[in-house]
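Residue-level structural notes
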Amino acid sequence: MKDPRLIEISVGIFVALGLASLLMLAMKVANLADFSAPPGYEVRAYFDNIGGLQVRSPVKMGGVVVGRISDIGFDSKRFQACVTVRLEQRYDHIPTDTAANIYTSGLLGEQYIGLEPGGEESYLKNGSELTITQSAVVLEKMIQEFLYNKTAKPEPQSP
Amino acid sequence: MALLATIGRRSLGLFERLGRGHLFLLSVLIRIPGLLLRPRLLLQQMWSVGVESLLIIAVSGSFVGMVLGLQGYNTLVTFGAQASLGVVVAKSLLRELGPVISALLFAGRAGSALTAEIGFMKATEQLSAMEMMAVDPMARVVVPRFVAGVLSMPLLAAIFTAIGIMGGYFCGTGLLGVDEGAFWSQMQAKVMLVQDVFNGVLVKSLVFGAVVSWIAVFEGYDAVPTSEGVSAATTRTVVHSSLAILALDFVLTGLMFN
Amino acid sequence: MNSPSSGPDSIVRIRNLHFRRGSRAIFDGVDLDILRGKVTAILGPSGSGKTTLLRLIGAQLTPQQGSVEVNGANVQTLPRDDLYRLRKSMGMLFQNGALLTDLTVFENVAFPLREHTRLPPSILRSLVLMKLEMVGLRGARDLYPRELSGGMARRVALARAIALDPTMVLYDEPFAGQDPISMGILVRLIRELNDALGLSSIIVSHDVAETSSIADYLFIMAGAKIVGAGTPAELRESESPMVRQFMGGLPDGPVPFHFPARPYLGDLLETPL
């Protein structure tokens with residue numbers, strides 16, 4: 001049998017090392033802040049096309065993350081994608097006529113929902129719907145339109 | 001006919017073994033509270049199961065992390081997205097490579113040793129001798145090893161993952177010139193504590209640790225008490241635990257990340 | 001059959017014991033009484049289930065039929081706690097010692113004491129040294145089992161078997177594979193321990209000469225039955241052909257030299273096709 005003292009010490013080091021690694025993974029890698037989901041409320045928004053949007057994608061207002069997407073589904077009556085957004089409780093003064101647009105950060109980066117506040121006096125609450133939406137920009141569509149415009153150039157464009 | 005009979009016999013044998021394995025697990029589980037009174041037994045096994053696996057885990061972790069850094073960089077740089085290297089390294093280590101590779105190493109290093117030890121004790125009648133000395137070999141020999149395996153595995157997986165991320169960090173920022181700030185901030189933005197760290201490293205490795213330890217102690221206790229029997233049981237431990245790890249990983253990934 | 005008087009002084013009483021492994025009968029209606037304070041030997045050819053008998057007495061195995069009583073208690077129906085208490089009063093010497101390989105000689109002998117008692121270290125130490133002194137291996141206390149010869153390992157195991165001061169010691173083939181000197185030592189030890197500590201000893205063996213030199217009473221087993229019983233002197237004078245063959249070590253007799261087979265000529269003439 002090995003010296004019991006040695007065993008105690010090395011098992012102690014082992015356990016401490018393991019816990020320290022876990023702590024490092026939690027603090028440094030996962031940035032603990034995400035752990036406790038802040039209290040919030042959920043609103044819905046319908047899009048024709050959500051592009052690469054995913055559950056947990058950020059929802060930003062003026063570049064600040066105000067919430068995250070909690071669910072994505074397809075409404076078979078409206079033939080639209082139904083996105084449920086969870087907004088943080090502290091941002092509870094968002095007008096009901098706020099517009100939701102799907103943006104891409106950078107050319108090929110991740111997609112997120114950008115909120116542009118309107119001017120209504122009433123505010124969004126749990127279960128509200130964002131009615132003014134703009135779908136994701138689909139690259140193929142854009143190129144198609146671009147080419148179509150090119151070929152149709154001689155004709156004068158309507159304003 | 002003979003073929004059918006063979007298939008039938010084999011599957012009956014398989015089910016019989018499965019049944020015995022589950023009963024065995026049950027009798028291990030009901031003895032765990034008794035271990036609390038004998039922490040020294042657990043300490044002894046934490047040494048041979050955990051501490052002695054530490055070196056191989058640390059070395060493999062750093063290499064896996066560095067390879068991820070290299071490969072991830074090469075792929076990402078074609079899209080100009082090398083700033084996401086931290087995310088790639090951290091997510092793949094936390095969710096898959098950390099728990100799975102450390103569990104595979106654990107099965108080869110500690111699982112086989114557990115089986116060989118218990119099988120050898122059985123072959124040399126040490127377990128019978130304990131029984132005759134009114135000492136329960138399940139409580140004295142099997143349970144401490146099982147619990148040590150279950151507890152060591154998450155710690156080893158966490159160490160593996162942390163060292164792997166550090167390896168990827170040094171490889172990416174030190175050798176390949178990825179921006180250090182982007183490496184960490186992108187990682188911190190995308191890695192979720194519950195989803196990635198908790199589900200990935202902790203839950204997966206706890207499950208793997210329990211399954212590998214269970215297979216290892218059962219194979220040892222159930223081994224034919226001869227040298228051939230013990231060596232066959234050791235081989236079975238490594239093969240079965242590796243298969244179990246990979247199959248369970250698929251199931252767990254399906255349950256957690258969809 | 002052939003059991004001695006089943007008085008109250010028998011420590012083990014076996015009645016109508018049936019035990020089979022697969023389709024092979026190991027015991028087919030065995031009655032046996034083992035007297036308190038004596039050295040009783042059970043002799044039989046290899047594979048006659050002698051070790052199995054010890055395991056049945058220790059309740060590591062369960063017979064299909066019949067009863068095994070130790071100290072008047074049926075070991076098969078004993079609750080676990082009582083069985084463990086009973087086992088503490090039984091020491092068993094395994095064929096190869098069965099020492100715990102990761103513990104020193106000292107720790108091996110201390111093992112049952114540490115598991116079952118809460119003795120202060122100084123008392124534990126003197127107890128262990130006393131047991132080791134009895135088997136003459138006090139000087140080997142810091143060695144590991146792998147550093148011991150077979151005979152020494154058995155003596156350590158013997159010291160361990162008597163560590164809890166049992167009332168009965170079971171010996172499984174104590175003489176098998178021993179050189180003459182360690183054989184002599186073991187023979188002397190078994191007898192001396194039995195008399196000095198007031199034990200009852202059960203020896204299972206196939207070494208006729210050594211065993212009969214120390215045993216007070218012998219049983220001879222063959223074909224899953226007891227075929228002879230008596231003191232060594234009585235058995236040497238026995239008329240039974242079975243007993244004569246075994247005591248004299250004759251190659252052929254009631255225990256046949258040939259494994260059962262069909263006639264030799266028929267086997268030879270058969271053309272393999």
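Residues numbered from 1 in each chain as written. Chains lettered and ligands numbered in written order. Predicted model: local features only at pLDDT ≥ 70, side-chain atom pairs only at ≥ 80, totals over all residues. Heavy atoms only, no water.

Comments concerning the pairing of strand 2 (residues 24-35) of chain C
All names here are of chain C. Selection rule: Only strands that DSSP links by at least two bridges are regarded as paired with each other. Each helix is a run of DSSP H or I of at least 4 residues and each strand a run of E of at least 2, with the numbering of both proceeding from the N terminus.
For strand 1 (residues 10-21) and strand 2, the ladder comprises nine bridges, and the chain directions are antiparallel. Pairing of Arg 13 across the sheet is with Asp 33, part of strand 2. The hairpin turn running from strand 1 into strand 2, its antiparallel successor, is two residues long, and Gly 22 in that turn takes a positive phi close to 65°.

Some details on the interface of chain B and chain A
For the record, the criterion: Every residue pair with non-hydrogen atoms within 4.5 Å of one another is taken to be in contact. Summed over both partners, the accessible area lost on bringing two parts together, with a 1.4 Å probe, is the buried area. One speaks of a salt bridge when a side-chain nitrogen belonging to Lys or Arg is within 4 Å of a carboxyl oxygen belonging to Asp or Glu.
In this assembly, 33 residues from chain B lie in contact with 27 residues from chain A. Between chain B and chain A, the buried area comes to about 2,700 Å², and carbon and sulfur atoms account for 78% of it. The largest per-residue losses of area from chain B upon contact with chain A belong to Trp 47, Gln 188 and Leu 193 of chain B, which jointly make up 23% of the total buried on that side. Seen at the junction of chain B and chain A, the total is one salt bridge.

Focus: the environment of Arg 55 of chain C
Relative to the helices and strands, Arg 55 of chain C is located in helix 1 (residues 50-57). In this structure the C-alpha to C-alpha distance between Arg 55 of chain C and Ala 153 of chain C, which are 98 residues apart in sequence, comes to 21 Å. If sequence neighbours within four positions are ignored, Arg 55 of chain C has contacts with Glu 125 and Ser 128 of chain B together with Gln 60, Leu 61 and Phe 94 of chain C.

Digging into the side chain of Thr 161 of chain B
Test applied: Polar contacts, as used here, are pairs of N or O atoms within 3.5 Å; protein pairs need one atom able to donate a hydrogen and one able to accept it. Residues neighboring in sequence count only if both atoms are side-chain atoms.
By the element assignment, Thr 161 of chain B lies in helix 7 (residues 137-175). Among the polar contacts made by the side chain of Thr 161 of chain B, one reaches the main-chain carbonyl oxygen of Ala 157 of chain B at a distance of 2.7 Å. Non-local contacts of Thr 161 of chain B, meaning those with residues more than four positions away in its chain, are made with Leu 25 of chain A together with Leu 93, Leu 94, Gly 98 and Val 201 of chain B.

As for the sheet that holds strand 10 (residues 225-230) of chain C
Residues and elements named next belong to chain C. Heads up, the condition is: For helices, the fitted axis covers only the stretch in contact; all axes are lines through C-alpha atoms, and the angles between them, taken along N-to-C directions, range from 0 to 180 degrees.
Taken in spatial order, the six strands make up an open sheet running 6-7-8-3-9-10, and their pairing is mixed. Of all strands in the sheet, those with a lone pairing partner are strand 6 (90-93) and strand 10, marking the two edges. On average, adjacent strands in this sheet sit at an angle of 15° to one another, irrespective of strand direction. Here five bridges tie strand 9 (residues 217-222) to strand 10, and the two strands are oriented antiparallel to one another.

With respect to the pairing of strand 6 of chain C
Residues and elements named next belong to chain C. Threshold: Partly exposed residues are those whose accessible area sits between 20% and 50% of the maximum for their type, while under 20% is buried and over 50% is exposed, using a 1.4 Å probe and protein chains only.
A two-sided burial pattern is seen for strand 6, the buried positions comprising Met 90 and Met 92 on one face and Gly 91 and Leu 93 on the other. Relative to strand 7 (residues 168-172), strand 6 is paired through four bridges, and the arrangement is parallel. For Met 92, the partnering residue across the bridge sits in strand 7 and is Leu 170.

Description of the pattern of salt bridges
Residue and element names in this part refer to chain B. With the rule as written, the count across this model stands at 30 salt bridges over all chains. Across the pair Arg 20 and Asp 222 runs a salt bridge whose closest N-O atoms are separated by 2.6 Å. Separated by 202 residues along the polypeptide, Arg 20 in helix 1 (residues 2-29) and Asp 222 in helix 9 (residues 193-222) bring together distant segments of the chain. Given a relative accessible area of 32%, Arg 20 falls into the partly exposed group. One salt bridge in this structure joins Lys 204 and Glu 96, with 2.9 Å as the shortest N-O distance. Of this pair, Lys 204 sits in helix 9 while Glu 96 sits in helix 5 (residues 85-123), and the two are 108 residues apart along the sequence. For Lys 204, a relative accessible area of 0% puts it in the buried group. Residue class for Glu 96 comes out partly exposed when judged on its relative accessible area of 24%. Each of Glu 16, Arg 17, Arg 20, Glu 219, Asp 222 and Arg 236 takes part in salt bridges that share partners, so that together they form one network.

A short note on the domain arrangement of chain A
How we decide: These domain limits were set by an automatic method or by a database of domain assignments.
You can read the domains of chain A as domain 1 (1-30) and domain 2 (40-145). On a C-alpha basis, the centres of domain 1 of chain A and domain 2 of chain A stand 45 Å from each other.

Points about helix 5 of chain B
Side chains that are three or four residues apart share a direction in an α-helix, a result of its 3.6 residues per turn. Counted only if it meets this: Consider a residue and the seven residues that end there alongside the seven that start there; fitting an axis to each set, the bend is the angle between those axes.
At Leu 93 of chain B, helix 5 of chain B is deflected by roughly 55°, the largest bend along its length. Count one or two residues on from helix 5 of chain B and you reach Glu 125 of chain B, which has phi positive near 65°.

Describing a nonpolar patch on the surface
Just so we agree on the cut-off: Exposure above 30% relative accessible area and the absence of a salt bridge qualify a residue for a patch, where like charges join within 9 Å and nonpolar side chains (Val, Leu, Ile, Met, Phe, Trp, Tyr) within 5 Å. Accessible surface is estimated by sampling points in the Shrake-Rupley manner with a 1.4 Å probe; for residues, cover comes only from the protein chains shown.
Taken together, the side chains of Val 137, Leu 139, Met 142, Ile 143, Phe 146 and Leu 147 of chain A make up a nonpolar region of the molecular surface, amounting to roughly 590 Å² of accessible area. Of note, Ile 143 of chain A is situated in helix 2 (residues 139-151).

So, the packing of helix 4 (residues 54-77) of chain B against helix 5 of chain B
Residues and elements named next belong to chain B. Using the following cut-off: By convention the crossing between two helices is left-handed if the near helix lies anticlockwise of the far one by an angle smaller than a right angle, and right-handed if it lies clockwise. In this count, Pro and Cys sit with the nonpolar residues alongside Ala, Val, Leu, Ile, Met, Phe, Trp and Tyr, while Asp, Glu, Lys and Arg are called charged and the others, Gly among them, polar.
At a closest axis distance of 10 Å, the pairing of helix 4 and helix 5 adopts a crossing angle of 145°. Relative to helix 5, helix 4 is oriented so that their crossing is right-handed. Touching Ile 56, Ile 57, Ser 60, Val 64, Gly 65, Leu 68, Gly 69, Gly 72, Tyr 73 and Leu 76 of helix 4 are Leu 85, Val 88, Val 89, Ser 92, Leu 93, Leu 97, Ile 101, Ser 102, Leu 105 and Arg 109, all from helix 5. Along the lines of polarity and charge, the residues of the contact of helix 4 with helix 5 split into 13 nonpolar, six polar and one charged.

Quick word on the nonpolar core
Stated precisely, the cut-off is as follows: Residues belong to a common nonpolar core when they are buried Ala, Val, Leu, Ile, Met, Phe, Trp, Tyr or Cys residues joined through side-chain atoms within 4.5 Å.
Among the nonpolar cores identified, the biggest contains 117 residues, and Val 29 of chain A together with Ile 57 of chain C are the most heavily contacted of them. Top contributing element to this core by residue count: helix 7 of chain B, with 18 residues. Not counting residues within four places of it along the chain, the set of residues in contact with Val 29 of chain A comprises Met 24 of chain A together with Ala 90, Leu 94, Ile 165, Trp 184, Met 187, Gln 188 and Val 191 of chain B. Formed by 45 residues, the second largest nonpolar core is a distinct cluster that contains Ala 41, Ala 110, Met 183 and Ile 220 of chain C.

Some words on the sheet that holds strand 4 (residues 65-70) of chain C
Residue and element names in this part refer to chain C. A sheet is described by the order of its strands in space; here four strands give the open sequence 2-1-4-5, paired in antiparallel fashion. The strands lining the two open edges of the sheet, one partner per strand, are strand 2 and strand 5 (73-74). Pairing geometry for strand 4 and strand 5, over two bridges, is antiparallel. For Glu 69, the partnering residue across the bridge sits in strand 5 and is Asn 74. Its contacts with the sheet put helix 1 on strand 1, strand 2 and strand 4, and the angle it makes with strand 1 is roughly 120°.

Points about the environment of Glu 117 of chain B
Residue and element names in this part refer to chain B. In this structure, Glu 117 sits in helix 5. A relative accessible area of 31% places Glu 117 in the partly exposed class. Separated by 50 residues in sequence, Glu 117 and Gly 167 place their C-alpha atoms 34 Å apart. If sequence neighbours within four positions are ignored, Glu 117 has contacts with Gln 45 and Arg 145. Within the local environment of Glu 117, its side chain forms a polar contact with the side chain of Arg 145, the two groups lying 2.7 Å apart.

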